[in-house]
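# A structural walkthrough
Okay, here's what each chain looks like letter by letter:
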Amino acid sequence: MSAAKDAPPPLPEPLGVAVADSHTHLDMQSTTVEEALTRAAAVGVTTVVQVGCDLKGSRWAAETAEAYENVHAAVALHPNEAPRIVLGDPDNWSRQGARQPGGDAALDDALAEIDRLAALPHVKAVGETGLDYFRTGADGMAAQERSFRAHIEIAKRHGKALVIHDREAHADVLRILREEGAPERTVFHCYSGDAEMAELCARAGYFMSFAGNMTFKNAQPLRDALAVAPLELVLVETDAPFLTPAPYRGRPNAPYLIPITVRAMAAVKTVHEDVLAAAVAENTARAFDY
């Protein structure tokens, strides 16, 4: 990769109304937490939700949220993590080293730790959980579904928001939410459905969080979904270090790049960027109850 490809994009023009990054992974970014928060605040991104994907990341999210007033935590086993716990990870695909199969007992132990973390006051959400049929084959689906149902129950019992990762699994995610009964506050992170699904989510009162990929040339279905999503249910996120918005696609993402996505979203919604930012800020505080 060339040096230019590795280089962080420049700071965008600051927003006139402060917003929150509703989903970021500071532990996967190549800066300190202080640097990330300082750069974000300089452009009007004053709050971030730090999201865990495994036990180590969830513990780190909880500790970081406890240490920083403007960081809130979400804790969970990512949909791709659950099958690795149950079936093992011989290819060392995740960041944890090769793992032996632990079976259902190991998943139960991991879920008990998520349950413990979810009770903490600075943990505002249970997630990212859900289903991912892109990376996990048929052999891992049972573990994913069991984990997802357990996370829904944990979120409801602790009165926390539920943050959903839904990749190529729209119908099953919506079905399981119906079967289990969704928590009062449910967020589709990095919303990936079409306009028809956005209408279903809106009817159910689910929040839809849009990331930098809505700026990509081939993302017209996402822009169509955003166009029909009610303004009071829309959030913005980076999912950093992933999904850097155009024109910086492929370079490292970080919370300070939120203004680019906010401006692109305002254009789709045909509202002034301050109007969109104010709605998003209020929605995020409501979704995560801070």
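Residues numbered from 1 in each chain as written. Predicted model: local features only at pLDDT ≥ 70, side-chain atom pairs only at ≥ 80, totals over all residues. Heavy atoms only, no water.

Together, Asp194, Glu196, Glu199 and Asp224 make up a negatively charged patch on the protein surface. With respect to the helices, strands and loops of the structure, glutamate 196 is situated in helix H8 (residues 195–204). On the basis of relative accessibility, which here comes to 59%, the residue glutamate 196 falls in the exposed class. (Patch = residues over 30% accessible without salt bridge, like charges linked within 9 Å, V, L, I, M, F, W, Y side chains within 5 Å. Areas by Shrake-Rupley, 256 points an atom, 1.4 Å probe, with all protein chains shown as cover. Salt bridge = Lys/Arg side-chain N within 4 Å of Asp/Glu carboxyl O. Lys, Arg positive; Asp, Glu negative; His and termini not counted. Charge placed at Lys NZ, Arg CZ, Asp CG, Glu CD. Helix = DSSP H or I, 4+ residues; strand = E, 2+ residues; numbered from the N terminus. Buried < 20%, exposed > 50% of the residue type's maximum accessible area, 1.4 Å probe, protein only.)

This part takes up helix H2 (residues 33–42). Turning to H2, its buried residues number three or more, namely Val33, Ala36, Leu37 and Ala40. Buried residues of H2, viewed axially, fall in a sector of 90°; they line one side. Here the buried face of H2 lies against strand E2 (45–51), helix H3 (55–67) and strand E3 (71–75). Phi turns positive one or two residues past the end of H2, at glycine 44, with a value near 90°. (Arc of directions from axis to C-beta. Contact = heavy atoms within 4.5 Å.)

One pass over the full model with this rule turns up 14 salt bridges. Glutamate 113 is the salt-bridge partner of arginine 59, the closest N and O atoms lying 2.8 Å from each other. Highlighted residues: arginine 59 in helix H3 and glutamate 113 in helix H5 (residues 103–118), separated in sequence by 54 residues. For arginine 59, a relative accessible area of 35% gives the class partly exposed. With a closest N to O distance of 3.4 Å, arginine 84 and glutamate 81 form a salt bridge. Of this pair, arginine 84 and glutamate 81 are both found in helix H4 (residues 81–87), 3 residues apart, which corresponds to roughly one turn of the helix. Neither arginine 84 nor glutamate 81 differs from the other in exposure class; each is buried.

Further remarks concern the packing of helix H9 (residues 220–228) against helix H10 (residues 258–269). Two numbers describe how H9 lies on H10: the axes approach to 9 Å, and their chain directions differ by 65°. By the angle between their axes, H9 is roughly perpendicular relative to H10. Relative to H10, the crossing made by H9 is right-handed. Where H9 approaches H10, its residues Arg223, Leu226, Ala227 and Val228 are matched on the opposing element by Met265, Val268 and Lys269. (Axes fitted to C-alpha atoms, helices over the stretch in contact; angles between N-to-C directions. Parallel < 35°, antiparallel > 145°, perpendicular 65-115°, else oblique. Left-handed = near helix turned anticlockwise from the far one by under 90°.)

Glancing now at the sheet that holds strand E7 (residues 207–210). Taken in spatial order, the 8 strands line up as E1-E2-E3-E4-E5-E6-E7-E8 in an open sheet, and their pairing is parallel. Each edge of the open sheet is held by one strand with a lone partner, namely strand E1 (19–24) and strand E8 (234–236). Averaged over all pairs of adjacent strands, the angle between strand axes in this sheet comes to 30°, irrespective of strand direction. One ladder, built from 3 bridges, connects E7 with E8; its direction is parallel. Within the sheet, the bridge partner assigned to methionine 208 lies in E8 and is valine 234. Its contacts with the sheet put helix H6 (residues 141–158) on strand E4 (123–132) and strand E5 (161–167), and the angle it makes with E4 is roughly 155°. (Pairing = 2+ DSSP bridges.)

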